[in-house]
Amino acid sequence: MSFLQWVQESFPPPPTWQPEDAPDLTEKVVLVTGGNAGIGREVTKALLKKNAKVYIATRSANRAQETIEALAEETGNKAEFLQLDLSDLAKVRESAQAFSKLESHIDILYLNAGIMFPPIDALTKQGYDLTFGTSVIGHHLFLRLLYPLLVAAPTPGPARVVWTSSFLHHQVPGGRINYSTFTDGPERRRMGLYALYGEAKLAQIMLSVYLANRAKERGEGVVSIALHPGNISTEIFRDKQTWYMRLWHWVFEYPTPYGAITPLYAGTAPEAVEHKYLRPWARPGSPSRVALEVKEQEKLWSWLEDQVKEYL
Ligand SMILES: NC(=O)c1ccc[n+]([C@@H]2O[C@H](COP(=O)([O-])OP(=O)(O)OC[C@H]3O[C@@H](n4cnc5c(N)ncnc54)[C@H](OP(=O)(O)O)[C@@H]3O)[C@@H](O)[C@H]2O)c1
């Protein structure tokens, strides 16, 4: 990605679509991973305003409860909580099983939770890089386990899967994912936190496009859309108050409510089902060339299948 593209992506033209433009969502069942903070909280709020039944899926019941109470005051509607820790595959399975007992279908699944630049020593319970393990492996398993509920969504559909990726998916050395960086070792440490984040975001787009194409071929009535939500002021940098993060915040970040625009459009606008990748604010775009390579997508999907098979 050139410097010019980087600047263009960071300062998009003003939005022409707003969350208020979303249709009424009465009787729609929606699950938002990471729905208690930042972008996920804004998405949840906009969905509640449109009368959807929304589940916030995160680790902390207390934090989620505070958000649920606050959003009930702001919107007049109450979200539900689902315990989910994406960094532990056994817990991901427990969470999907618990959800399957509560609902018989899902209309919109937001795979939104994520972390950025954790300490380099941080790994998931099963020993994967924490960023990749949370955003990609955990979400892959969660999606696989909940997939029958998406297929079961009543018509008119289609059911939608929305992945919060990032334009930083362009910032991967060589543009391709490197399988030796998913677990700890010299290559992962050499790659560094910035590229590891970009790699996880690239993998999310690859999975989204793979799923969209496969669901279409099989006629399953499910679409999948990946997006860059914009540079949004959230809690994602909460532990990293360095001078350059403060500068980034000041120069590049948009107010948190902007974070709902592109995900809401992806999940609810009738015309959004035509797109595989969106950029801010709710505009169609193209991800990197590698993200669209079918062979690379298949390789990643089957690598992930291998990692999660004992939890399926
Ligand atoms: N902010 C931006 O400028 C920006 C730009 C591009 C892409 N994104 C992407 O947008 C998504 C949301 O980020 P944000 O900026 O809104 O960050 P945030 O305010 O830090 O919110 C992250 C959410 O993820 C949840 N989460 C983290 N680890 C989890 C785990 N192991 N299991 C379940 N939930 C977990 C957190 O909940 P708990 O900690 O309570 O579990 C929280 O709700 C991320 O995927 C991020 O990569 C953000």
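Residue indices begin from 1 for each chain and proceed along its sequence in written order. Whole-chain, interface and lining totals are the exception, using all residues; otherwise, since this is a predicted model, local features are given only for residues with pLDDT of at least 70 and side-chain atom pairs are given and counted only at 80 or more. Note that the side-chain values use all heavy atoms of the structure and ignore hydrogens as well as water.

As annotated in an unreviewed UniProt entry, the protein chain is NAD(P)-binding protein from Polyporus arcularius HHB13444.

Student: I keep staring at the overall build of the protein chain and nothing clicks. Help me out?
Tutor: Of regular secondary structure, the protein chain possesses nine helices and eight strands. In summary, the protein chain has a C-alpha radius of gyration of 18 Å against a globular reference of 20 Å for 312 residues, a match within 12%. The C-alpha extent of the protein chain, read off along each of the three principal axes, is 50 × 45 × 40 Å. Here, two residues are considered to be in contact whenever any of their heavy atoms come within 4.5 Å of each other. The long-range fraction of contacts in the protein chain, counting pairs at least 24 apart against all pairs at least 6 apart in sequence, stands at 76%. We get accessible surface area from the Shrake-Rupley algorithm with a probe of 1.4 Å; when it comes to residues, only the shown protein chains can shield them. Accessible area for the protein chain stands at about 13,600 Å²; split by element, carbon and sulfur atoms hold 52% of it. In summary, the charge assignment counts Lys and Arg as positive and Asp and Glu as negative, without counting His or the chain termini. Note on charges: their place is set at NZ of Lys, CZ of Arg, CG of Asp or CD of Glu. When the 33 positive and 34 negative side-chain charges of the protein chain are each reduced to one mean point, those points stand 3 Å apart. Here a helix means four or more residues in a row that DSSP labels H or I, a strand means two or more in a row labelled E, and each is numbered from the N terminus. Atoms considered for the radius of gyration are the C-alpha atoms alone. The globule rule reads 2.2 Å times the number of residues to the power 0.38.

Student: Is there a simple way to think about the sheet that holds strand β8 (residues 283-284) in this case?
Tutor: Note on sheets: strands pair through backbone hydrogen bonds, and any given pair is parallel or antiparallel. Read across the sheet, eight strands follow the order β3-β2-β1-β4-β5-β6-β7-β8 without closing on themselves; strand pairing throughout is mixed. Edge positions in the sheet fall to β3 (80-83) and β8, since each has one partner strand and no second. Note that strand β5 (residues 159-164) and strand β6 (residues 222-227) share six bridges and pair parallel. Counterpart to Trp-163 in the pairing with β6 is Ala-226. Pairing between two strands is assigned when DSSP locates at least 2 bridges connecting them.

Student: What am I meant to see in the site of the ligand here?
Tutor: When we say a residue is near a molecule or strand, we mean one of its heavy atoms is within 4 Å of it. The environment of the ligand is formed by 31 residues, the closest being Asn-36, Arg-59, Tyr-197, Ile-232 and Thr-234. Polar contacts, as counted here, are pairs of nitrogen or oxygen atoms within 3.5 Å of one another; within protein the pair requires one atom able to donate a hydrogen and one able to accept it, and residues that are adjacent in sequence qualify only if both atoms are side-chain atoms. A distance of 3.4 Å is found between an oxygen atom of the ligand and a backbone nitrogen or oxygen belonging to Ile-236. A total of 890 Å² of accessible area belongs to the ligand in isolation, and the protein chains cover 97% of it. We call Asp, Glu, Lys and Arg charged. Ala, Val, Leu, Ile, Met, Phe, Trp, Tyr, Cys and Pro are nonpolar, and the rest, Gly among them, are polar. Residues that form the shell around the ligand fall into these classes: 10 nonpolar, 15 polar and six charged.

Student: Could you clarify how one ought to interpret a nonpolar patch on the surface in this entry?
Tutor: Candidate patch residues must exceed 30% relative accessible area and have no salt bridge, after which like charges are joined if within 9 Å and Val, Leu, Ile, Met, Phe, Trp or Tyr side chains if within 5 Å. Any Lys or Arg side-chain nitrogen located within 4 Å of an Asp or Glu carboxyl oxygen qualifies as a salt bridge. The grouping of Phe-11, Trp-243, Tyr-244, Leu-247, Trp-250 and Val-251 at the surface amounts to a nonpolar patch, some 750 Å² of accessible area in total. By the secondary structure assignment, Leu-247 is in helix α7 (residues 243-252). Residue classification places Leu-247 among the partly exposed positions, given a relative accessible area of 44%. Here's how the labels work: a residue is buried when its accessible area is under 20% of the maximum for its type, exposed when over 50%, partly exposed in between, all with a 1.4 Å probe on protein chains only.

Student: Teacher, can you tell me more about the side chain of His-140 here?
Tutor: Within the secondary structure, His-140 sits in helix α5 (residues 130-151). Among the residues examined, His-140 registers a relative accessible area of 0% and is labelled buried. Setting aside chain neighbours within four positions, we find His-140 in contact with Leu-207, Trp-301, Leu-304, Glu-305 and Val-308.

Student: Sorry if this is basic, but what is going on with the packing of α5 against helix α9 (residues 294-308) here?
Tutor: A pair of packed helices can be characterised by two numbers: the angle between their axes and the separation between those axes. Inter-axis angles, ranging from 0 to 180 degrees, are taken between N-to-C directions of lines fitted to C-alpha atoms, where helices are fitted over the stretch in contact. Where α5 contacts α9, the axes come no closer than 10 Å and their chain directions differ by 80°. Judged on the interaxial angle alone, α9 and α5 are roughly perpendicular. Contact residues: α5 offers Phe-132, Val-136, Ile-137, His-140, Leu-141 and Arg-144, while α9 offers Leu-300, Trp-301, Trp-303, Leu-304, Glu-305 and Val-308. Roughly parallel refers to an angle under 35 degrees, roughly antiparallel to one over 145, roughly perpendicular to one between 65 and 115, and oblique to any angle outside these ranges.

Student: Is there a simple way to explain the packing of aromatic side chains in this structure?
Tutor: Remark: the centre distance and the inter-plane angle together describe each pair of aromatic rings, the angle taken between the planes. Centres within 6.5 Å are what make two rings of Phe, Tyr or Trp a pair, Trp counting through its six-membered ring; a difference in plane orientation under 30 degrees is then read as stacked, over 60 as edge-to-face, and the rest as tilted. Under the criterion given, the structure shown has 17 aromatic pairs. With 3.8 Å between their ring centres and 10° between their planes, Phe-132 and Phe-182 make a pair best called stacked. Note that Phe-132 is positioned in helix α5 and Phe-182 in the loop between β5 and α6 (186-218), a separation of 50 residues in sequence. Judged by relative accessible area, which is 1%, Phe-132 ranks as buried. Judged by relative accessible area, which is 0%, Phe-182 ranks as buried. Their ring planes at 70° and their centres at 6.4 Å tell us that Phe-132 and Trp-303 sit as a pair that is edge-to-face. In this pair, Phe-132 is assigned in helix α5 and Trp-303 in helix α9, connecting sequence segments 171 residues apart. Feature note: the residues Tyr-128, Phe-132, Tyr-179, Phe-182 and Trp-303 constitute an aromatic cluster, connected by ring pairs.

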